[in-house]
Amino acid sequence: MNAQTSLLRAARWQPLELVFWALAFASPWALAQHALIINEIAIVALFAVSLDLVLGYTGIVSLGHAAFLGFGAYSAALFAKHIHPDPVLGLMVGMAAATVLGAVCSLSIMRGSDLTRLMVTLGTALILLELANKFSDLTGGADGLQGVIMGPLLGQFEFDLMGQTSAWYSLVVLLVLFVLARRLVHAPLGATLKAVRDNRLRAMAIGIPVTARLAVVYTVAAGIAGAAGALMAQTTGFASLDVFALERSADVMLMLAIGGVGWLYGGIAGAVAFKLMYDVIANITPQYWTFWMGLFLVVLVLVGRERLIRPWTWFSAASRKEGQP
């Protein structure tokens with residue numbers, strides 16, 4: 001099997017994928033009382049998919065990915081408040097602003113080691129956070145940007161308090177951008193990204209333009225993260241400084257740790273698991289939810305993701321190991 005045939009086979013949609021998306025779009029109707037959390041899951045899943053493009057397919061670790069989330073959120077919120085309340089236009093503005101920021105920041109990730117990239121990406125988010133706090137007349141400062149009122153979606157669908165319109169809106173954007181990311185990683189460009197991730201020097205030796213590839217994927221990922229931020233601002237009617245916080249970048253990395261990197265559904269699976277665990281644990285023990293989340297991550301690392309989701313294999317594997325000479 002040649003490389004082109006392998007790429008074509010990997011790019012084909014599987015029946016389970018279609019079932020998954022059908023269930024996802026049915027969930028705001030079937031679980032109408034949970035539409036708000038479905039909307040949150042769709043937004044953070046999109047954010048996780050954007051980071052997976054950078055981390056899972058190029059091996060670039062970023063602690064400041066929230067910079068693009070926040071920039072998209074504030075751009076969309078300011079556009080809605082001062083220019084036009086149309087959600088789709090605001091989404092495009094948020095994506096465009098984050099894409100431009102990503103293109104500028106991509107210059108910084110082409111140089112240095114992994115540690116310097118960590119510091120540069122983190123520094124970018126901190127700079128934007130301080131700028132948003134400093135220009136309080138425009139952004140609302142520590143109080144956040146309030147009074148963001150969105151018009152009806154496509155001129156017909158009002159954003160209701162139950163969150164059903166928001167959930168379907170976020171799910172549609174998630175699907176469209178997921179298809180774009182999926183097409184990207186299953187194209188020859190995606191194969192070269194994996195080569196860069198596995199061995200950058202070897203990739204350069206065989207003629208892959210490494211810096212150009214990194215710039216492209218980082219810019220695309222920034223635009224997708226900006227879309228997640230725009231959705232967050234539009235569906236909540238609010239943008240605050242915490243969208244730039246380190247916790248946002250840390251949470252999305254936890255989602256990828258739970259769901260796995262290097263396959264786009266890992267970000268979605270991790271977002272679903274993280275948000276559901278947060279919602280359940282925070283309702284039971286709101287003061288100690290971080291303890292239980294940390295314990296879960298420790299168990300995940302010790303046991304392994306594959307064995308964790310199949311607990312019936314734990315003891316059988318242990319018994320087989322004990323039976324070996």
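What counts and what doesn't
- Residues numbered from 1 in each chain as written.
- Predicted model: local features only at pLDDT ≥ 70, side-chain atom pairs only at ≥ 80, totals over all residues.
- Heavy atoms only, no water.
- pLDDT = per-residue confidence, 0-100.
- Helix = DSSP H or I, 4+ residues; strand = E, 2+ residues; numbered from the N terminus.
- Contact = heavy atoms within 4.5 Å.
- Phe/Tyr/Trp six-rings, centres within 6.5 Å; stacked < 30°, edge-to-face > 60°.
- Buried < 20%, exposed > 50% of the residue type's maximum accessible area, 1.4 Å probe, protein only.
- Patch = residues over 30% accessible without salt bridge, like charges linked within 9 Å, V, L, I, M, F, W, Y side chains within 5 Å.
- Areas by Shrake-Rupley, 256 points an atom, 1.4 Å probe, with all protein chains shown as cover.
- Salt bridge = Lys/Arg side-chain N within 4 Å of Asp/Glu carboxyl O.
- Expected span 1.5 Å × (residues − 1).

### What about the confidence of the model for the protein chain?
The predicted model of the protein chain averages 81 in pLDDT, with 88% of residues at 70 or higher. In the model of the protein chain, helix H16 (residues 314-323) stands out as the element of lowest mean pLDDT, 50, in contrast to helix H5 (residues 87-105), which has the highest, 91. The low-confidence segment residues 318-325 (pLDDT under 50) makes zero contacts with residues lying over four places distant or belonging to another chain.

### Description of the side chain of Asp-52
Within the element layout of this structure, Asp-52 appears in helix H3 (residues 35-58). Residues in contact with Asp-52, not counting those within four places in the same chain, are Tyr-57, Leu-256, Val-261, Gly-262, Trp-263 and Leu-264.

### Here's the deal with the packing of aromatic side chains
When we look at a pair of aromatic rings, we describe it by the centre distance and by the angle of the planes. Evaluated as defined, the whole model comprises eight aromatic pairs. Ring plane angle 10 degrees and centroid distance 5.7 Å describe the contact between Tyr-74 and Phe-244, whose orientation is recorded as stacked. Within this pair, whereas Tyr-74 is found in helix H4 (residues 66-82), its partner Phe-244 is found in the loop between helix H11 (210-236) and helix H12 (246-259), the two being separated by 170 residues in sequence. A residue is classified by how much of its surface remains accessible, and Phe-244, at 3% relative accessible area, is buried. With 6.2 Å between their ring centres and 45 degrees between their planes, Trp-263 and Tyr-265 make a pair best called tilted. Of the residues examined, Tyr-265 reaches a relative accessible area of 15% and is grouped as buried. Joined through ring pairs, the aromatic side chains of Phe-20, Trp-21, Phe-178, Trp-263 and Tyr-265 make up one cluster.

### Regarding a nonpolar patch on the surface
Taken together, the side chains of Val-88, Met-92, Leu-154 and Phe-157 make up a nonpolar region of the molecular surface, amounting to roughly 380 Å² of accessible area. With respect to the helices, strands and loops of the structure, Met-92 is situated in helix H5.

### Remarks on H4
Its 17 residues give H4 an end-to-end C-alpha distance of 24 Å, which sits within 8% of 24 Å, the value for a rise of 1.5 Å per residue. Of all 17 residues making up H4, 14 are buried, and the element is well covered by its neighbours.

### Considerations on the environment of Leu-126
Position of Leu-126 among the secondary structure elements: in helix H6 (residues 114-134). Along the backbone, Leu-126 and Ala-66 are 60 residues apart, and their C-alpha atoms lie at a distance of 9.6 Å.

### Describing the pattern of salt bridges
Within this structure, the stated rule accounts for three salt bridges. Glu-17 is the salt-bridge partner of Arg-182, the closest N and O atoms lying 3.1 Å from each other. Pair noted here: Arg-182 is in helix H8 (residues 164-185) and Glu-17 is in helix H2 (residues 15-30), with a separation of 165 residues, a long-range link. Among the salt bridges present, the one from Arg-248 reaches Asp-242, with a minimum N-O distance of 2.7 Å. Classification of Asp-242 by relative accessible area gives partly exposed; the value is 36%.

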